[in-house]
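Below, each chain spelled out in residue letters.
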Amino acid sequence: MVKWSDFERAAIQDIFSKIDYDVVGSAALSRCLIVYPWTQRYFGSFGNLYNAAAITSNPKVAAHGKVIMAGLEKALKNMDDIKTTYKDLSVLHSEKLQVDPDNFNLLGDCLTIVVAGQLGAAFTPEVQGAFQKFLAVVVASLRKQYH
């Protein structure tokens, strides 16, 4: 079980209260697909992902960005038991979709960059530390089903 300090809980709640889910989710997934092009293989049904302009304007990328942010919101609401909250997502990504679990870290890095851009000076090193810890717990929970 993860121990969260009062500061970490407050910082993570504050981050999610300030960001625009639609913008952040789409921008983070787009960044991941552009910077790490091998991650595109999991999104073959999304159509044109041939270049940065196609990715950033792709409505399916934007829609899945919203799905990602909804998943993070579930973790936010269940910070004391993220592993149980993510059990079904872990099974889905490991057994059905067969996503390389390292890609979760890549997406987390892209999320951090986008959130930092949205929050600016409010994204202090201490706030970033809390956010990184949150993402690390999310990633560990998604990786739980992998052997």
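That block above? That's the structure.
In this report, we go over the structure that sits alongside the text. Throughout this description, residue numbers start from 1 for each chain and increase along the sequence as written. The predicted origin of the model limits local features to residues at a pLDDT of at least 70 and limits the giving and counting of side-chain atom pairs to 80 or more, whereas totals for whole chains, interfaces and linings rest on all residues. As a convention, hydrogens and water are excluded, and side-chain values are obtained from all of the structure's heavy atoms.

## Quick notes on the overall build of the protein chain
- The helix count covers DSSP runs of H or I at least four residues long, the strand count covers runs of E at least two residues long, and both are numbered beginning at the N terminus. A count of helices and strands for the protein chain gives 8 helices and 0 strands.
- Starting at the N terminus and walking to the C terminus, you meet the elements of the protein chain as α-α-α-α-α-α-α-α.
- We call a residue buried when its accessible area falls under 20% of the maximum for its residue type, exposed when it is over 50%, and partly exposed in between, using a 1.4 Å probe and counting protein chains only. By the burial criterion, 41% of the 147 residues in the protein chain qualify as buried.
- Any two residues whose heavy atoms approach within 4.5 Å are treated as being in contact. A separation of at least 24 residues holds for 74% of the contacts in the protein chain among residues at least 6 apart in sequence.
- The method behind every accessible area is Shrake-Rupley, applied with a 1.4 Å probe, and residues are considered shielded solely by the protein chains displayed. With an accessible surface of roughly 8,000 Å², the protein chain has 56% of that area assigned to carbon and sulfur atoms.
- With 15 positive and 14 negative side-chain charges, the protein chain shows a spacing of 5 Å between the two charge centroids. The charge count treats Lys and Arg as positive and Asp and Glu as negative. His and the chain ends do not count. Lys charges are placed at NZ, Arg charges at CZ, Asp charges at CG and Glu charges at CD.

## A few points about helix 7 (residues 102-119)
- Multiplying 1.5 Å by the helix residue count minus one yields the expected span of that helix. Compared with an ideal rise of 1.5 Å per residue, which puts 18 residues at 26 Å, helix 7 spans 26 Å between its outermost C-alpha atoms and is within 8% of the ideal.
- Along helix 7, the positions that sit buried rather than exposed are N103, F104, L106, L107, G108, C110, L111, T112, V114, V115 and L119.
- G120 sits one or two residues past helix 7 and shows a positive phi near 60 degrees.

## Digging into the side chain of N103
- Here N103 is to be found in helix 7.
- Beyond its immediate stretch of four places on either side in the chain, N103 contacts W38, T39 and Y42.

## Here we look at the packing of aromatic side chains
- When the centres of two rings from Phe, Tyr and Trp lie within 6.5 Å, Trp using its six-membered ring, the rings pair. Their planes under 30 degrees apart give stacked, over 60 give edge-to-face, and anything left gives tilted. Applying the stated rule across the entire model yields 7 aromatic pairs.
- Geometrically, the ring pair formed by F16 and Y21 is edge-to-face, given 6.1 Å between the ring centres and 80 degrees between the ring planes.
- Judged by its relative accessible area of 5%, F16 is buried.
- Three or more aromatic residues link up through ring pairs in this structure, and these residues are W4, F16, Y21, F123, F131 and F134.

## Section: the nonpolar core
- Definition used in this section: a nonpolar core is a set of buried Ala, Val, Leu, Ile, Met, Phe, Trp, Tyr and Cys residues joined via side-chain atoms within 4.5 Å. By size, the foremost hydrophobic cluster in this structure holds 44 residues, and its most contacted members are I15, F16, L72 and F134.
- When contributions to this core are tallied by element, the ones reaching two or more residues are helix 1 (6-18), helix 2 (21-35), helix 4 (59-77), helix 7 and helix 8 (125-142).
- Sorting elements by how many residues they give to this core places helix 8 first, with 9 residues.
- Each residue touching L72, except ones within four places of it in the same chain, is listed here: F16, Y86, L111, F134, L135 and V138.

## Describing the environment of C32
- Checked against the element boundaries, C32 lands in helix 2.
- Overall, the relative accessible area of 4% leaves C32 in the buried class.
- For C32 and L111, which are 79 residues apart along the polypeptide, the C-alpha to C-alpha distance reads 8.7 Å.
- Filtering out sequence-adjacent residues up to four positions away, C32 remains in contact with T39, L106, L107 and C110.

## Some remarks on the environment of V138
- Tracing the chain through its elements places V138 in helix 8.
- Look at V138 and you get buried, because its relative accessible area is 5%.
- V138 sits 34 residues away from F104 along the chain, and the two C-alpha atoms are 8.9 Å apart.

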